[in-house]
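Working through the structure, step by step
Now for the letters of each chain:
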Amino acid sequence: MFKHISLFIGSLALASGIWACSDDNGGSGQQTPASIAASPEALTFGAEGGTASFSVKAGGEWDAATSDAWIKLAKSGTLSTNGTVEVTADANSSRTARTASITLLSGTARAKVTVTQDGKAPEPVNPNIDVPEGYELVWHDEFDGTSLSASEWKHEVQGPGWVNNELQTYVNGAVDGKPVTEVADGTLSINCFKHAGKIYSGRIYAMVNSGWKYGIFEARLKLPKGKGTWPAFWMMPVNNDFAANPWPRCGEIDIMEEVGYNPNYTSSSIHTESYNHVMGTQKTAERLTEGAQDDFHTYRLEWTEDYIRTYVDGQRLLSFPNDGKGNVATWPFNRAFYLILNLAWGGDWGGAQGIDESCLPATMEVDYVRVFQKIP
C-alpha cells in the first residue's frame, strides 16, 4: 500500500513541475523550474546616449546577449538567481530613431528587453547660415569660442616623412608657446612654423569616430602663402582597417588642395583603387581661384549615392558619377567618412618645386566648417 502511495505522489510531483529528473549538472535533485524575467522590460535613451540598467530574476544561472553594436552590456550576478545588466548606448548621430533587443536566457527560459533611442534633433539654425533646400544642418563649428572641442576634433601626432615625404611634424598643442592650432575672433588658425631646426604644423580630424555618409560639406578658408605650403580640406573613411583595406582602395575625397608654388590654383580630387595619382588616373579638376591666399573663399562637397561634386564659391569644379557597378575599385564611397583640415610643408607635391623657409610662419585660416544632410 505504501509503495502505491509513493508512486502516486512521485507521479503527481513530476506532473506539477515541483521536481525535475536532474539538476543543471546532470545529477538528480530538486530544481526550480526554468524561468527568467527583467524589470523594467524596456529602456529608452536620448540621442546623446548614456547608461541605464535593469534587474534580472531567474530560476538559476543566467546570461544576456545582444547583436546590436551600438549598445554594450555589463552583467553582474549571472551565477545567482538575481542580477543586474548595465546598458550603455552610443550617441545616435542619425535623425532616425533606432531599436535594439537584449535576449535573456536561463536554462530553456527566454525573455527580452527592448532598447529604443531617439534620433538626433536638428541643429538650431543660425539665421546667418544658408541651409541648402531639402537639407538640414547636422553639425558645424563656427569657431566662436577660444579652443577646439576635444569631443569633436582630434589632432594628429606624427613625425616628418609620415606621408607623402612631407617635412612637418604634426603635434597636439604648442611648441615653445606657439600653438599649431588656435581659435580666436571667430576663426580657426592652423599654423606652420619652424623652431629649433624643425617644422611644426597641425592636422585635425572632425568627428573621426562617426563621420557622415552622404551630405554637403562646406568650409570657408583663407589659404597660406609661400612655396612649400600644402593646405587641404578633405575626407577619409571612418574606422578603416588599412591592413585589410589599404589606400587607395579605401577611397579618399579631396575637397580642396593647393600648393604654394602654384598660388591660388585650387583643386579637387577623387582617389580609388582604379583612379589615383600613383597610377596617374586620379579624377582631378583645378581652377584659378582669384585671391584664395588673400581672402576667404567657400569650398563645398556634395556627396550622394549617385555622384560626388565639388564647388568653389558656388561654381562647380569636379563631377564624379557613381558608375553603378557596385565595384569598390571605382566607388568605395558608400560608407561614413570624416573631415580633415591640415597644413603640410613640402612633400611630393607641396615641395615639387622646392621650398622657401623664409615664408614661415604660414597660416591657413578657417571661418567655419558645416555639414548638411538630406531631411529624412
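For the structure itself, look to the data block above.
Remember, predicted model here, so these are calculated numbers, not experimental data.

How each quantity is defined
Residues numbered from 1 in each chain as written. Predicted model: local features only at pLDDT ≥ 70, side-chain atom pairs only at ≥ 80, totals over all residues. Heavy atoms only, no water. Pairing = 2+ DSSP bridges. Helix = DSSP H or I, 4+ residues; strand = E, 2+ residues; numbered from the N terminus. Axes fitted to C-alpha atoms, helices over the stretch in contact; angles between N-to-C directions. Buried < 20%, exposed > 50% of the residue type's maximum accessible area, 1.4 Å probe, protein only. Polar contact = N/O pair within 3.5 Å; in protein donor to acceptor, adjacent residues only side chain to side chain.

**Overview of the sheet that holds strand β2 (residues 42-45)**
- Spatially, the four strands line up as an open sheet ordered β2-β8-β7-β4, and their pairing is mixed. Of all strands in the sheet, those bounded by a partner on one side alone are β2 and β4 (63-65). Neighbour-to-neighbour, the strand axes of this sheet turn through a mean angle of 20°, independent of strand direction.
- Pairing analysis gives three bridges linking β4 to strand β7 (residues 98-106), with the strands arranged antiparallel. Along β7, the bridge assignment pairs Ala65 with Thr103.

**As for the pairing of β2**
- Of the two faces of β2, only one is covered, namely that formed by Leu43 and Phe45; the face formed by Ala42 and Thr44 stays uncovered.
- The pairing of β2 with strand β8 (residues 109-117) spans four bridges and is classified as parallel. Residue pairing in the sheet places Leu43 in a bridge with Val115 of β8.

**Overview of the environment of Glu142**
- Counting through the fold element by element, Glu142 comes out in the loop between β9 (135-141) and β10 (153-155).
- Linking Glu142 and Val366, residues 224 residues apart in sequence, is a C-alpha distance of 8.9 Å.
- In this structure the side chain of Glu142 is engaged in a polar contact, spanning 2.9 Å, whose partner is the side chain of Arg370.

**Thoughts on unusual backbone geometry**
- A cis geometry characterises the amide bond from Ser39 onward to Pro40, with omega recorded as 0°.
- Looking at where Pro40 falls in the secondary structure, it is placed in the loop between β1 (36-39) and β2.
- Cis geometry is found at the peptide bond from Trp247 to Pro248, where omega equals 5°.
- Residue placement: Pro248 occurs in the loop between β19 (229-237) and β20 (252-257).
- Notably, Phe143 is not glycine yet its phi reads approximately 55°, a positive angle.
- By the element assignment, Phe143 lies in the loop between β9 and β10.
- Positive phi, close to 55°, is recorded for Asp176, a residue that is not glycine.
- Here Asp176 shows up in the loop between β12 (174-175) and β13 (178-179).

**Considerations on the sheet that holds β19**
- Read from one edge of the open sheet, seven strands run β10-β17-β26-β19-β20-β21-β22, paired in antiparallel fashion. Since the sheet does not close on itself, it has two edges, and those belong to β10 and β22 (283-288), each with one partner. When strand polarity is set aside, the average angle formed by the axes of neighbouring strands in this sheet is 15°.
- Direction of pairing for β19 relative to strand β26 (residues 337-345): antiparallel, over a ladder of nine bridges. Following the sheet pairing, Trp230 is matched in β26 by Ala344.

Function cannot be read off these values alone, since they describe shape.
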